[in-house]
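Descriptive analysis of the structure
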Amino acid sequence: MDNRNVYKIHQKDQVGEVHIADDVVAIIAGLAATEVEGVSTMAGNMTGELVSKLGMKNLSKGVKVELGEKDVVVDLALNLEYGYSIPEVSSIVQERVKSAIETMTGLTVSEVNVRIAGVNVENK
């Protein structure tokens, strides 16, 4: 299983291994980021935009994950809503993504890098 992190569950005896795919960590990061007020959408590449227009939802769009032995580096590309503070929203996104990944996977998040790809100026 390439590009997957392996964790062992220890209870009384060794029960087995849990394999967590990169995509699972990316989905957790993407969902945590989009729940932050001020984040409009995740920014993706052209392929991701095409898939989105065809009606298929790519929950890891705009997220790049690099898994190490026990840590993870996350790169996010976001579109923000107009009128929100970029430094404040970015900081909250970093905290929420770090917390969500660490809570759900047991991985240590060493970096959460945020790139603001655009600003949504549409009136709601």
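As a starting point, this report considers the structure included with it.

**Focus: the overall build of the chain**
- The secondary structure content of the chain amounts to 3 helices and 6 strands.
- From first element to last, N terminus to C terminus, the chain shows the α and β order β-β-α-β-α-β-β-α-β.
- Counting the 124 residues in the chain, one finds 34% classified as buried.
- Across the chain, the fraction of contacts at a sequence separation of at least 24, relative to all contacts at a separation of at least 6, is 64%.
- In the structure as shown, the chain presents an accessible area of about 8,100 Å², 50% of it carried by carbon and sulfur atoms.

**Things to note about the nonpolar core**
- Ranked by size, the top nonpolar core spans 25 residues in total, and within it Leu 76, Val 93, Val 97 and Ile 101 carry the most contacts.
- Secondary structure elements with two or more residues in this core: helix 1 (22-34), strand 3 (39-42), strand 4 (63-67), strand 5 (71-81), helix 3 (86-105) and strand 6 (108-120).
- The element best represented in this core is helix 1, accounting for 6 residues.
- Ignoring sequence-local partners within four residues, the contact set of Ile 101 consists of Val 25, Ile 28, Ala 29, Val 72, Val 74, Gly 106, Leu 107 and Val 109.

**A short note on the side chain of Asn 79**
- Locating Asn 79 in the fold gives a position in strand 5.
- Overall, the relative accessible area of 18% leaves Asn 79 in the buried class.

**A word on the environment of Ser 85**
- Within the secondary structure layout, Ser 85 lies in the loop between strand 5 and helix 3.
- Distance from Ser 85 to Gly 38, taken between C-alpha atoms, is 8.2 Å for residues 47 residues apart in sequence.

**Looking at the side chain of Ser 90**
- Topologically, Ser 90 is positioned in helix 3.
- When sequence neighbours within four positions are dropped, the list of residues in contact with Ser 90 reads Val 114 and Ile 116.

**What to know about the environment of Glu 102**
- Note that Glu 102 resides in helix 3.
- Using a relative accessible area of 25% as the deciding quantity, one classes Glu 102 as partly exposed.
- Along the sequence, Glu 102 and Asp 71 sit 31 residues apart, while their C-alpha atoms lie 9.4 Å from each other.
- The contacts of Glu 102, once residues within four sequence positions are left out, are Leu 107, Thr 108 and Val 109.
- Engagement of the side chain of Glu 102 in a polar contact is seen with the side chain of Lys 98, the distance being 2.7 Å.

**Overview of the pattern of salt bridges**
- Applying the stated criterion across every chain yields a total of 2 salt bridges.
- Note that Glu 102 is salt-bridged to Lys 98, the shortest N-O span being 2.7 Å. Residue Glu 102 and its partner Lys 98 are located together in helix 3, separated by 4 residues, close to a single helical turn.
- A residue is classified by how much of its surface remains accessible, and Lys 98, at 33% relative accessible area, is partly exposed.

Here is what the cut-offs are and how they apply
- Residues numbered from 1 in each chain as written.
- Predicted model: local features only at pLDDT ≥ 70, side-chain atom pairs only at ≥ 80, totals over all residues.
- Heavy atoms only, no water.
- Helix = DSSP H or I, 4+ residues; strand = E, 2+ residues; numbered from the N terminus.
- Buried < 20%, exposed > 50% of the residue type's maximum accessible area, 1.4 Å probe, protein only.
- Contact = heavy atoms within 4.5 Å.
- Areas by Shrake-Rupley, 256 points an atom, 1.4 Å probe, with all protein chains shown as cover.
- Core = buried A, V, L, I, M, F, W, Y, C linked by side-chain atoms within 4.5 Å.
- Polar contact = N/O pair within 3.5 Å; in protein donor to acceptor, adjacent residues only side chain to side chain.
- Salt bridge = Lys/Arg side-chain N within 4 Å of Asp/Glu carboxyl O.

Function cannot be inferred from these measures alone, as they are strictly geometric.
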